[in-house]
Amino acid sequence: MIELVNIKKSFGEKPVLRNVNLTVEEGESVVIIGRSGSGKSVAFRHILRLIKPDEGRVYVEGRDISTLSRKGLYKVLENIGVLFQNSALWDSMNVFENIALALRRHKMCGGENGIRKRVYDCLDMVGLGMTGISGTGGVEIIGTRMPSELSGGMRKRVGLARAIAPNPAYMLYDEPTTGLDPIMSGIINRLIKRLNKELNVTSLTITHDMHSASTIADRIVLLHKGEFKDLGTPDEANSNDDPIVRQFIHGEDGPIHPVLTDHFEKVHVHHS
Amino acid sequence: MIRTIGSKTIYSMTELGRALFLLWRIIVNGRFVFVDRRLYARQMMIIGVQSLPLVLLIGAFTGAVSTWQSNYQFGSLVPAKYIGVATFKAVMVELGPVLCGLVLAGRVGSSLAAELGTMKISEQVDALVVFAIDPVRYLAAPRFFAGFIMVPVIVTISVCVAIFGGFAVGFLFLDLSAQTFFGEIPVWFKMKDVQIMLVKSITFGGLVCLIGTYVGLNTAGGAEGVGQATIRAFVYAAVLILITDYLLALLLF
Ligand SMILES: Nc1ncnc2c1ncn2[C@@H]1O[C@H](COP(=O)(O)OP(=O)(O)O)[C@@H](O)[C@H]1O
Ligand SMILES: [Mg+2]
């Protein structure tokens with residue numbers, strides 16, 4: 001179980017999270033939607049203690065992570081797989097090494113042969129193993145590529161393979177399908193769903209892709225004005241008649257200004 | 001004004017504290033040197049390959065210039081056989097370690113800051129943490145200790161080259177035979193000089209690598225931030241090398 005309780009976070013004068021509360025139950029799949037720059041990735045970083053909140057607490061499996069020692073934190077993190085928004089692959093290593101690193105350093109898969117198999121299996125799972133579809137010529141070849149030689153979508157999928165390789169109990173996906181074509185998005189959505197339903201991986205996903213959200217979510221939350229708003233199941237979210245929610249989910253005209261960021265902040269034009 | 005100075009002082013003190021804390025954590029993580037030996041070996045290779053050509057060049061010219069200078073300064077005052085000794089001593093206790101230290105601050109320190117800074121801003125360092133791989137153990141410790149070990153080796157090589165650079169000048173331009181140039185060196189050779197050279201080069205190597213690593217891992221602000229980090233790593237390391245050289249002179253002589 002992951003819990004964010006009354007999280008507040010500002011960067012300088014700029015409040016990003018005003019009062020964030022979220023509980024993700026064991027085995028649940030929660031999707032976070034919200035405008036670019038609304039603080040979704042910042043919320044993720046709190047769960048990993050990459051950022052400390054100004055106020056509030058983060059609990060993972062009932063333990064307040066701010067009280068953990070470095071070692072204790074690493075123990076918790078070993079159970080969490082993360083797909084970064086920008087993939088964050090290690091540039092100096094090829095694709096194979098990227099996926100194998102954590103397996104090797106934590107002595108998983110019972111040795112080098114097991115690791116090799118696991119790496120190739122994971123590459124297969126994210127659709128990088130099938131000649132033709134990915135155009136890569138199979139897992140062995142993709143394994144020797146350097147991150148800088150890959151397209152954004154491929155990097156994302158390598159990042160995903162890397163995240164799932166150690167079999168984490170929790171997965172955080174930051175925009176898993178951004179930059180992928182619809183066929184690939186479908187593969188990734190089904191993978192996320194399958195990990196959640198078959199392997200009982202508790203997942204928390206940030207996405208802008210409403211189709212993806214309805215496929216994988218048990219529950220959707222909207223990050224707006226620094227707070228999470230629970231929208232319920234995808235069906236409930238779809239039929240929500242709050243104009244702000246409708247503007248998000250259906251892209252209708254609505255109260256949120258398209259150019260200025262949604263927020264309580266003054267004038268801050270958004271670039272990304 | 002006073003407030004600015006005050007807050008600057010507090011800021012530098014916190015930076016210093018944080019750098020020392022990093023040093024402490026690096027040293028603690030040094031216990032994994034055997035398990036992580038591949039990482040260490042790789043960093044030692046990189047530092048060697050990066051800096052050897054430059055350092056050989058520096059060595060040769062430092063030696064050459066020292067010989068030329070000694071001859072110019074007191075060639076008429078002392079017998080020619082002392083020129084070799086003068087070169088040897090100047091290069092070994094002062095010029096070798098300091099010049100190499102400064103050059104390595106530029107070559108090794110800056111590239112550490114750039115490498116780690118790039119990793120930091122592109123979240124590669126965060127990615128290590130998230131996979132429960134401690135960046136201090138995985139990135140910082142091998143780089144620091146590699147510098148710690150390799151810089152003395154590099155300085156020693158450079159000093160040897162310098163002696164021969166000096167001899168080349170003496171032989172070609174000052175009509176000194178090998179006997180004249182090298183003859184007095186064993187007589188005046190003191191183990192203490194070697195110790196001073198090693199103490200200095202270990203200190204400078206440690207400084208360069210600690211600063212490069214610290215600045216790199218604390219980079220913020222995108223590509224521009226990485227640019228600034230490389231410059232800062234060089235400037236801090238260069239200044240600290242000169243200051244510690246002075247302090248070591250007080251302590252060791
Ligand atoms: N380390 C940081 N320092 C300062 N501002 C930050 C930092 N990280 C994020 N922000 C700001 O917080 C806001 C939310 O960012 P983010 O969580 O990345 O948005 P998104 O919802 O698109 O993932 C942005 O305006 C961003 O500029
Ligand atoms: Mg984001």
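Note: the structure precedes this text.
Residues numbered from 1 in each chain as written. Chains lettered and ligands numbered in written order. Predicted model: local features only at pLDDT ≥ 70, side-chain atom pairs only at ≥ 80, totals over all residues. Heavy atoms only, no water.

**Some points on the sheet that holds strand β4 (residues 55–60) of chain A**
Within a sheet, adjacent strands bond to each other through the backbone by hydrogen bonds, running parallel or antiparallel. All names here are of chain A. Judged by pairing direction, the sheet is antiparallel, and its four strands sit side by side in the order β2-β1-β4-β5 without closing on themselves. The sheet is open, and its two edges are formed by β2 (14–24) and β5 (63–64), each paired on a single side. As paired strands, β4 and β5 are joined by two bridges and run antiparallel to one another. The residue bridging Tyr59 from the neighbouring strand is Asp64, located in β5. Sheet strands in contact with helix α1 (residues 40–47) are β1 (2–11), β2 and β4, and its direction is about 120 degrees off that of β1. (Pairing = 2+ DSSP bridges. Helix = DSSP H or I, 4+ residues; strand = E, 2+ residues; numbered from the N terminus. Contact = heavy atoms within 4.5 Å. Axes fitted to C-alpha atoms, helices over the stretch in contact; angles between N-to-C directions.)

**Thoughts on the interface of chain B and chain A**
Across the boundary between the two partners, chain B contributes 20 residues, which contact 23 residues of chain A. Interface area, chain B with chain A, both sides summed: about 2000 Å², of which 60% is carbon and sulfur. One can count three salt bridges joining chain B with chain A. Summed over the shared surface of chain B and chain A, the number is nine residue pairs in polar contact (both at pLDDT 80 or more). For the side of chain B that touches chain A, the secondary-structure elements that each account for two or more residues are α1 (2–29), α4 (124–130) and α5 (135–173) of chain B. (Buried area = accessible area lost by both parts, 1.4 Å probe. Salt bridge = Lys/Arg side-chain N within 4 Å of Asp/Glu carboxyl O. Polar contact = N/O pair within 3.5 Å; in protein donor to acceptor, adjacent residues only side chain to side chain.)

**Here we look at unusual backbone geometry**
For Asn167 of chain A, which is not glycine, the phi torsion reads 55 degrees and is therefore positive. Looking at the element boundaries, Asn167 of chain A is found in the loop between α6 (152–164) and β7 (170–174). Looking at Asn167 of chain A, the relative accessible area reads 53%, which means it is exposed. Of note in this structure, Ala132 of chain B is not a glycine but carries a positive phi near 60 degrees. Inspection of the secondary structure assignment puts Ala132 of chain B in the loop between α4 and α5. (Buried < 20%, exposed > 50% of the residue type's maximum accessible area, 1.4 Å probe, protein only.)

**Thoughts on the pairing of β7 of chain A**
All names here are of chain A. Counting buried residues in β7 gives five out of five residues, a clear majority hidden from the surface. Neither face of β7 is left uncovered, since the one carrying Tyr170, Leu172 and Asp174 and the one carrying Met171 and Tyr173 both have all their residues buried. Sheet topology places β7 next to strand β8 (residues 202–206); five bridges connect them, and they run parallel. The residue of β8 that forms the bridge with Met171 is Ser203. Viewed along the sheet, the connection from β7 through helix α7 (residues 182–198) into β8 turns out right-handed. (Right-handed = clockwise from strand over helix to strand, strands pointing away.)

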